[in-house]
Amino acid sequence: MKDVIIIGAGTAGLTAAIYALRAGKSVLVLEQSSYGGQIINTPHVENYPGIERISGYEFASGLFRQAEKLGMEYRNEKVTDIREEENREAAGGKSGKIVETTERNYRAKAVILATGAKNRPLGIEKEAEFIGRGISYCATCDGAFFRGKTVAVVGGGDVALEDAIYLSRLCEKVYLIHRRDELRGAYVLQKELKEMPNVEFLYSHVVEEITGEDTVNGLRIKNLKEQESHMLPVDGVFVAVGIRPGTELVRDLVACDEGGYVLAGEDCAASVPGIFAAGDVRKKPLRQIATAVADGANAATSAENYL
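An account of the accompanying structure is given in this report. (Residues numbered from 1 in each chain as written. Predicted model: local features only at pLDDT ≥ 70, side-chain atom pairs only at ≥ 80, totals over all residues. Heavy atoms only, no water.)

Considerations on the side chain of Ser168
Among the secondary structure elements, Ser168 is positioned in helix H4 (residues 158–168). For Ser168, a relative accessible area of 9% corresponds to the buried category. Residues in contact with Ser168, not counting those within four places in the same chain, are Val174, Met196, Asn198 and Val199. (Helix = DSSP H or I, 4+ residues; strand = E, 2+ residues; numbered from the N terminus. Buried < 20%, exposed > 50% of the residue type's maximum accessible area, 1.4 Å probe, protein only. Contact = heavy atoms within 4.5 Å.)

Regarding the sheet that holds strand S11 (residues 199–202)
The parallel open sheet is built from 5 strands, whose spatial order is S8-S15-S9-S10-S11. Lying at the two open borders of the sheet, with one neighbouring strand each, are strand S8 (135–136) and S11. Relative to strand S15 (residues 236–239), S8 runs parallel, the two being bridged by 2 bridges. Pairing of Ile135 across the sheet is with Val237, part of S15. The strands that H4 touches are strand S9 (150–154), strand S10 (173–177), S11 and S15; relative to S10, the one it contacts most, it runs at about 170°. (Pairing = 2+ DSSP bridges. Axes fitted to C-alpha atoms, helices over the stretch in contact; angles between N-to-C directions.)

Observations regarding the packing of aromatic side chains
Within the structure shown, the criterion is met by 6 aromatic pairs. When the centroid spacing of 4.3 Å and the interplanar angle of 20° are considered together, the rings of Tyr35 and Phe64 count as stacked. Note that Tyr35 is positioned in the loop between strand S2 (27–30) and helix H2 (56–69) and Phe64 in helix H2, a separation of 29 residues in sequence. Its relative accessible area of 18% is what places Tyr35 among the buried residues. Plain terms: the ring middles of Phe201 and Tyr203 are 5.7 Å apart, the flat faces sit at 10° to each other, and that makes the pair stacked. Aromatic ring contacts, followed pair by pair, group Tyr35, Phe64 and Tyr74 into a single cluster. When the ring centre of Tyr261 is taken as reference, the NZ or CZ atom of Arg287 above it lies at 4.0 Å. (Phe/Tyr/Trp six-rings, centres within 6.5 Å; stacked < 30°, edge-to-face > 60°. Lys NZ or Arg CZ within 6 Å of the ring centre and 35° of its normal.)

Things to note about the packing of H4 against helix H5 (residues 187–194)
Each pair of packed helices gets described by two things: the angle between the helix axes and the distance between those axes. Between H4 and H5, whose axes approach to 10 Å, the crossing angle comes to 30°. Taken together, the axes of H4 and H5 are roughly parallel relative to one another. For the element pair H4 and H5, the recorded crossing hand is left-handed. Judged by residue contacts, Asp158, Leu161, Glu162, Ala164 and Ile165 of H4 engage Leu189, Gln190, Glu192 and Leu193 from H5. (Parallel < 35°, antiparallel > 145°, perpendicular 65-115°, else oblique. Left-handed = near helix turned anticlockwise from the far one by under 90°.)

A look at unusual backbone geometry
Negative phi values dominate among residues other than glycine, just as trans dominates among peptide bonds. The phi dihedral of Lys126 is positive, around 75°, even though this residue is not glycine. Within the element layout of this structure, Lys126 appears in the loop between strand S7 (117–119) and S8. The exposure class of Lys126 is partly exposed, given its relative accessible area of 32%. With phi around 55°, Ser204 is a residue other than glycine that occupies positive phi space. Mapped onto the elements, Ser204 comes out in the loop between S11 and strand S12 (205–212).

Focus on the state of the cysteines
Counting across every chain of the model gives 1 disulfide. Left unpaired, Cys268 is separated from the closest cysteine sulfur, that of Cys256, by 14 Å. Its relative accessible area of 0% is what places Cys268 among the buried residues. (Disulfide = S-S within 2.5 Å.)

Remarks on the nonpolar core
Counting 37 residues, the largest nonpolar core has Ile6, Ala17, Val27, Met72 and Ile112 as its most contacted members. Every element with two or more residues in this core is listed here: strand S1 (2–7), helix H1 (11–22), S2, H2, strand S6 (105–113) and helix H6 (289–306). If sequence neighbours within four positions are ignored, Val27 has contacts with Val4, Ile6, Ala17, Ala20, Leu21, Met72 and Glu73. (Core = buried A, V, L, I, M, F, W, Y, C linked by side-chain atoms within 4.5 Å.)

A short note on the sheet that holds strand S13 (residues 216–223)
Reading across from one edge, S12-S13-S14 is the order of the 3 strands in this open sheet, with antiparallel pairing throughout. At either margin of the open sheet sits one strand with a lone partner, and together these are S12 and strand S14 (228–233). In this sheet, neighbouring strand axes are inclined to one another by 25° on average, regardless of whether the strands run parallel or antiparallel.

Looking at the environment of Glu200
As for its placement among the helices and strands, Glu200 is situated in strand S11. Residue Glu200 is classed as partly exposed on the basis of its relative accessible area of 31%. Expressed as a C-alpha distance, the spacing of Glu200 and Tyr175, which sit 25 residues apart in the sequence, is 4.9 Å. Each residue touching Glu200, except ones within four places of it in the same chain, is listed here: Lys173, Val174, Tyr175 and Leu176. Only 3.1 Å separates the side chain of Glu200 from the side chain of Lys173, close enough to count as a polar contact. (Polar contact = N/O pair within 3.5 Å; in protein donor to acceptor, adjacent residues only side chain to side chain.)

Focus on the pattern of salt bridges
Using the criterion set out here, one finds 19 salt bridges in the structure. For the salt bridge of Glu77 with Arg104, the shortest nitrogen-to-oxygen distance reads 3.0 Å. Of this pair, Glu77 sits in the loop between strand S3 (73–75) and strand S4 (79–84) while Arg104 sits in the loop between strand S5 (97–101) and S6; the two residues are 27 residues apart in sequence, bridging distant segments of the chain. Linking Asp295 and Lys284 is a salt bridge whose minimum nitrogen-to-oxygen distance equals 2.9 Å. In this pair, Asp295 sits in helix H6 while Lys284 sits in the loop between strand S17 (275–277) and H6, placing the two residues 11 residues apart along the sequence. Pair check on accessibility: Asp295 and Lys284 agree, each one buried. Within this structure, Glu266, Arg282, Lys284 and Asp295 form a network of salt bridges that share partners. (Salt bridge = Lys/Arg side-chain N within 4 Å of Asp/Glu carboxyl O.)

Laid out in structure tokens, this is it:
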């Protein structure tokens, strides 16, 4: 029986581990792939307070080492199920949890969900190859690297419009590429974006190819109405076609919104007592390293209070 099992070893999960361990709790972190989450593939992090510049790998490794030194137990195993434990006495009078993986079953008094969210890719050749070298899924994270340059934003929802507005204040030119002939985002965002003099709208277009050698230098895009393709020189591409929270495992266990994000307040407590949600998996307006750290600290503290 562990005091806390944390599912996911990204920024939120590892921060939660650090806080729970410092509170004297026994902690097991389960991660199906490698630790670090999305940040581990980011070449440069420049928006975390107090750290002027650091690689995502170095940042994540520092979190992992710190948790490890405090006594974290860490295992690379895929979680397949979470359920309530019937024997309340074994969990100190509270309903404990059974966390099932592909390898074995674990018991915990509290569970912190830190499974993150994944950006929905365009699904075209070379996309993964150019991540961090011209392809980005976060304008507020990486926009400063393209100051004074020409970029494209792909998407037509609120996130795409917000990204394009943000980038229009940094970049010389911004193309907004959308597969439909009208935008899906909020009217107020559309109005603001259309007032930006350096933004060009490419409706009814899709990206067919990303070009470049070491870094992105252009896109081949197709006009769906005219069925013609042409090259578009750009220095960077910001993909905003949706994100998918890692909540497939718990959507029938805890309350989620229509997008699949766990409904949990600033205390990170989910709808089921003893289950907490931290990081990108939680419904909230901003998903950044700073907010993941805050969630991890809050979730661990709330779990400690629950215990």
